[in-house]
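Structural characterization, general
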Amino acid sequence: MATDTFKHNTISLDSPAHHADAIVPDDQTDMAFTSRALFVGQGGDLSVHMVGKTEPITFRNLPVCLLPIRVDRVLATGTTVTDIVALW
C-alpha cells in the first residue's frame, strides 16, 4: 500500500478529489454526490444541472477535458459526450 503523507491534512474544496465514479447521464436522477469536477473522456456536448442554478446548461463542443464544475445531475437529453467521471 502506498504511503499517504497528506492523510492528516484538512480536506477542502481546494484539495485534490478523493473519490471518483463513472456517470451515466439521466434526466430524472441526481448523482449520489455533488461533483467537484467532471472528466470528459470523449468530446461532444454536456448538459448538466449545476449547483446553485435552476435551469440546465449545455456546454457545447467540448474536447476531452477536466471541467472544474459542481453539478448534481448530468442530463441524458442534450449530452453526447461519453466516458464521464465525476470527481469529489
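A quick note: this is a predicted structure, and the numbers were derived from the prediction, not measured.

1. Here we look at the overall build of the protein
- Within the protein, the regular secondary structure consists of zero helices and seven strands.
- Its helices and strands in sequence order give the protein the pattern β-β-β-β-β-β-β, from N to C terminus.
- For the protein, the spread of C-alpha atoms along the three principal axes comes to 40 × 25 × 20 Å.
- Burial statistics for the protein: of 88 residues in total, 33% are counted as buried.
- Here the analysis covers contacts within the protein between residues at least 6 apart in sequence; of these, 69% occur between residues at least 24 apart.
- Summed over all atoms, the accessible surface of the protein reaches about 6000 Å², with 56% contributed by carbon and sulfur.

2. Digging into the nonpolar core
- Residues Leu38, Leu46, Val48, Val71, Val74 and Ile84 are the most contacted members of the largest nonpolar core, which totals 17 residues.
- Every element with two or more residues in this core is listed here: β2 (37-42), β3 (44-50), β5 (65-67), β6 (71-74) and β7 (82-87).
- If one sorts the elements of this core by residue count, β3 sits on top with three residues.
- Excluding residues within four positions of it along the chain, valine 71 makes contact with Met31, Phe33, Thr34, Ser35, Leu38, Val48, His49, Met50 and Val51.

3. Remarks on the environment of glycine 78
- Along the chain, glycine 78 falls in the loop between β6 and β7.
- The sequence separation of glycine 78 and threonine 5 amounts to 73 residues, and the corresponding C-alpha distance is 42 Å.
- Not counting chain neighbours up to four residues away, the residues in contact with glycine 78 comprise Asp45, Leu46, Ser47 and Thr58.

4. With respect to unusual backbone geometry
- A positive phi is found at asparagine 61, a non-glycine position, where the angle reads about 55°.
- Tracing the sequence through the fold places asparagine 61 in strand β4 (residues 57-62).
- Using a relative accessible area of 67% as the deciding quantity, one classes asparagine 61 as exposed.
- A positive phi angle, near 55°, is found at aspartate 83, a position not held by glycine.
- With respect to the secondary-structure elements, aspartate 83 resides in strand β7.

5. Details of the sheet that holds β4
- As summarised here, the arrangement of the three strands in space is β4-β3-β6, forming an open sheet in which the pairing is antiparallel. What marks the edges here is a single partner per strand, and that holds for β4 and β6. Averaged over neighbouring strand pairs, the angle between their axes works out to 35° when direction is ignored.
- With four bridges connecting them, β3 and β4 associate as antiparallel partners. Residue pairing in the sheet places glycine 44 in a bridge with leucine 62 of β4.

Rules and cut-offs
- Residues numbered from 1 in each chain as written.
- Predicted model: local features only at pLDDT ≥ 70, side-chain atom pairs only at ≥ 80, totals over all residues.
- Heavy atoms only, no water.
- Helix = DSSP H or I, 4+ residues; strand = E, 2+ residues; numbered from the N terminus.
- Buried < 20%, exposed > 50% of the residue type's maximum accessible area, 1.4 Å probe, protein only.
- Contact = heavy atoms within 4.5 Å.
- Areas by Shrake-Rupley, 256 points an atom, 1.4 Å probe, with all protein chains shown as cover.
- Core = buried A, V, L, I, M, F, W, Y, C linked by side-chain atoms within 4.5 Å.
- Pairing = 2+ DSSP bridges.
- Axes fitted to C-alpha atoms, helices over the stretch in contact; angles between N-to-C directions.

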